[in-house]
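Structure assessment
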Amino acid sequence: MINRILAVIRREYLERVRTKAFWISTILVPIFLGAVMIVPAWLAARGGGEFSVAVLDLSGRFFDPVRDEVGRLLSGDDEKLSVTLHSQEPGPSVEATRERLKNEVQNKVFDGLLVIPSTMPDEGQPEYVAPNVAAFKLLTVIERSVNNVMVADRLTGAGLDPEAVRELTRRVGLNTLKLGKDGEETSDQGQTFMLAYVFMMIIYMTVLMYGIYVMRGVLEEKSSHVIEVIVSTVKPFELMLGKILGIGAVGLTQFLIWSLLMAAISAPGAVAALGISGMELPAVPAQLLFFFVVYFVLGFLLYGTLYAGIGAAFDTEQEAQNFQGVVTMFLIVPLVLMMQILNQPDGTLSVVLSLIPFFTPMLMFLRMTLTQVPPIQLAASVVLMLGAILFCTWIVAKIYRVGILMHGSKPKFKDLVRWVREA
Amino acid sequence: MDAILDIQNLCKRYGDHVAVDDISFSVPRGSVYGLLGPNGAGKTTTIRMVMRIIASDSGTVLLDGQPVNDDRRRIIGYLPEERGLYKKMKVLEHLVYLGTIRGIRPGEAKKRAAAWLERFDLAEWATNKVEDLSKGMQQKIQFIGTILHRPPLLILDEPFSGLDPINTRALKDLLQEMASEGVTIVLSTHVLPQVDELCSDICLINRARPILLGSLESIREDYGGNTWRVQSDLPENELAALPGVTSVHPLGDERLLELEDGSEARDLLRALVDRSQVESFTRFKPDLENIFIRAVEEDKAHD
């Protein structure tokens, strides 16, 4: 019996690992995730460069303070951004000068044009003209400089000392610390959560994807009529088990490849080689990784079994759609409930939801990243899931045994109930 | 009689429909056994119960004298009516897979599969995907998969369906060769001429019940007995009135005249020649189709 199940597992595994689709998804997912995580950091770090900006100061008194403020803001900056301001005379016609300077920006003599109206700081707004207002960092520096200078001018006009005011209104900020198991505190600016979120989405996507592989595999055996040859030798239950385990092993292989890729990227030197200085990949706690695998395996076994039953009951994917939708909905509910968990990871509702086997793989995993889940709850979630898997396997095995040899009429729910009763 | 397969009182009903109604028959070891009958008679359901693909409502299947179970059934080489292969698998790997789930080691399965591919002129396709092969070639692969584990008993459900005359001939030759090596073969079919020359024993199933079974030779004798094929210009009612004639059956242009036991054929011939122009007069050796049609008619008459 073991030999036969192994033969089935081996076939299911090799036939899938050898497909192009497997390798494409194995390579595309990390590229996609990498793009989501790395590109913003890379773009943010990429604000350096030399810029020259023309300043048309119609008030006649703000050029120097703005230039000094720009210098002050950039002095603490290590990112190679340098901005040179060029004061421009208004000339006889302000409009004509503005037009001329605009043309010069167009012709790349300057990277931008800052116009400070004569009514400042009491009224009006300075304007900034540039071909590329998306040069985010440059824009931020200019806006903050002009803003600081204008506020300081108003404060002085009201008889206050700008230095003293700046000192008094300094932001306090909030230092967020996560309390670990042993009482140690770790500084966390949300990387852990981002990572948990990404991991949760991976659980969702892979359980769904591999579950549907199981369904398609069963449907294929029915539609190609190979099923009768196989079940004349292999028991339907052995075939179902072998198929689910083989496809699950494909999923674990994919995770293994991804882990190796991640380890390679996180290795010292690799980050520097990629030219992403200043960007840190958050470290993944080993415990989290362990439960990631545990919950993927349990979730896949549960949903894979259900999808196997659906595949056995129907002849085509179209016919299976309604039932497939119901099962997929169970998988989507946790995504909807995520906000509840985020707000109150230890609330009663969150605990209960995360213990429902259909939601456990995603919600319990999410809670683990947010809070200290008591070990008893983790143990309970695993036990409950194993129970649910055994129960579903028991039911589905009966549907499977009858369904794989059925062709023609599309069964209704009551037919499935009858199959379970009679089998 | 040494029976390799002994089926006793097998029954199966689906709701109000009786698919198999108390079927019993024994397959002698070394025989080529024809399981015959029209479509829907219950042949495939019977075979599926033998293979334990579906459960019987009642009845026993003995294999080598012992009740068949999930392990013992693997000595049977089974070719189902609904054939199929994994389309994306490579030919040789597919055969090795079919071999390993029947208990052969992968290395041995590979060796045997390669030899069979060679024999069927399919060696160059070994690394192609199944879907690249023509229908006829896929049938051959399917058959190799059925016999790869050298089963002492083959059960083939409509083995010739979908085969062209050349491949039908080739399969018949192969089956005859295997039979001469001692393999017991059960052939299920509704196309009787295909198996006439192969079968040593038959079981005729009609409307879920066996209506005729035994060795083909004795059945032929029973049905052929004192029966004569006559072609003459005499109408049927006058033929029936001839001395010793008990019944008249039409057979194409000819008539089949059954004589009562002890009645002499030459008396009949003399009477015929006296009254009509006799074109031909021969002893009747019924083929399976004749036997089948008569048995089914008699079965109908029983109701």
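1. With respect to the overall build of chain B
Assigned secondary structure in chain B consists of 10 helices and 14 strands. With respect to the three principal axes, the spread of C-alpha positions in chain B is 75 × 45 × 35 Å. Burial analysis of chain B (303 residues in total) assigns 37% to the buried set. Counting only contacts in chain B whose residues sit at least 6 apart along the sequence, the fraction spanning at least 24 positions is 67%.

2. Notes on the packing of helix 15 (residues 375-403) of chain A against helix 16 (residues 413-422) of chain A
All names here are of chain A. Close contact between helix 15 and helix 16 brings their axes to 8 Å; oriented N to C, the two are set at 100°. The angle between helix 15 and helix 16 falls in the class roughly perpendicular. Across from Ile395, Lys398, Ile399, Val402 and Gly403 in helix 15, the residues of helix 16 making contact are Leu416, Trp419 and Val420. In the contact of helix 15 with helix 16, the residues fall into six nonpolar, one polar and one charged.

3. Re the pairing of strand 10 (residues 209-215) of chain B
All names here are of chain B. Pairing between strand 9 (residues 201-206) and strand 10: six bridges, direction antiparallel. Pairing of Asp201 across the sheet is with Ser215, part of strand 10. Between strand 9 and strand 10, which follow one another and run antiparallel, lie two residues, and Arg207 among them has a positive phi close to 45°.

4. Things to note about the sheet that holds strand 8 (residues 184-189) of chain B
Residue and element names in this part refer to chain B. Read from one edge of the open sheet, six strands run 6-7-8-3-9-10, paired in mixed fashion. Here the strands that pair on one side only, and so sit at the sheet edges, are strand 6 (76-79) and strand 10. Here the average twist between neighbouring strands, direction ignored, is 10°. As defined by bridge partners, strand 3 (residues 32-36) adjoins strand 9 across four bridges and the pair is classed as parallel. Along strand 9, the bridge assignment pairs Tyr33 with Asp201. Packing against the sheet, helix 4 (residues 135-147) makes contact with strand 6 and strand 7 (153-157), and its axis sits at approximately 160° to strand 6.

5. Regarding the confidence of the model for chain A
When pLDDT is averaged along chain A, the result is 82; 84% of the residues meet or exceed 70. Taken element by element, chain A is modelled with least confidence in helix 10 (residues 270-273) of chain A, mean pLDDT 54, and with most confidence in helix 15 of chain A, mean pLDDT 92.

6. Notes on the interface of chain A and chain B
On the side of chain B, 20 residues touch chain A, which itself brings 15 residues to the contact. Looking at the side of chain A that touches chain B, the elements with two or more residues in it are helix 1 (2-17) and helix 8 (227-231) of chain A. Looking at which element gives the most residues to the side of chain A that touches chain B, the answer is helix 1 of chain A, with four residues. Tallied by class, the residues present in the side of chain A that touches chain B amount to six nonpolar, four polar and five charged.

7. A short note on the domain arrangement of chain B
With domains assigned, chain B is organised as domain 1 (3-219) and domain 2 (226-283). Distance between the C-alpha centres of domain 1 of chain B and domain 2 of chain B: 42 Å.

8. Focus on the packing of helix 13 (residues 348-355) of chain A against helix 14 (residues 360-370) of chain A
All names here are of chain A. Close contact between helix 13 and helix 14 brings their axes to 7 Å; oriented N to C, the two are set at 140°. When the axes of helix 13 and helix 14 are compared, the pair comes out oblique. Together, Ser350, Leu353, Ser354 and Leu355 of helix 13 and Thr360, Leu363, Met364 and Arg367 of helix 14 make up the contact between the two elements. A per-class count over the contact of helix 13 with helix 14 returns four nonpolar, three polar and one charged.

9. A short note on the sheet that holds strand 4 (residues 58-63) of chain B
All names here are of chain B. With antiparallel pairing, the four strands of this open sheet are ordered in space as 2-1-4-5. Each of the sheet's edge strands pairs with one partner strand only, and the pair in question is strand 2 (17-28) and strand 5 (66-67). As paired elements, strand 1 (residues 3-14) and strand 2 share eight bridges and run antiparallel to each other. Its bridge partner lying in strand 2, Lys12 is registered against Val20. Helix 1 (residues 43-50) contacts strand 1, strand 2 and strand 4 of the sheet and is inclined by roughly 115° relative to strand 1.

10. Here we look at the nonpolar core
Judged by nonpolar contacts, the single largest core of 130 residues is most densely connected at Ala308 and Phe365 of chain A together with Leu95 of chain B. For this core, the element with the highest residue contribution is helix 11 (residues 286-313) of chain A, accounting for 15 residues. Setting aside anything within four residues of it in sequence, one finds Ala308 of chain A in contact with Val214, Met215, Val218, Met240, Lys243, Ile244, Val396 and Tyr400 of chain A.

What counts and how
Residues numbered from 1 in each chain as written. Chains lettered and ligands numbered in written order. Predicted model: local features only at pLDDT ≥ 70, side-chain atom pairs only at ≥ 80, totals over all residues. Helix = DSSP H or I, 4+ residues; strand = E, 2+ residues; numbered from the N terminus. Buried ≥ 20, exposed ≤ 12 C-beta atoms within 10 Å, placed from the backbone. Contact = placed C-beta atoms within 7 Å. Axes fitted to C-alpha atoms, helices over the stretch in contact; angles between N-to-C directions. Parallel < 35°, antiparallel > 145°, perpendicular 65-115°, else oblique. Nonpolar A, V, L, I, M, F, W, Y, C, P; charged D, E, K, R; others polar. Pairing = 2+ DSSP bridges. pLDDT = per-residue confidence, 0-100. Domains from an automatic or database assignment. Core = buried A, V, L, I, M, F, W, Y, C linked by C-beta atoms within 7 Å.

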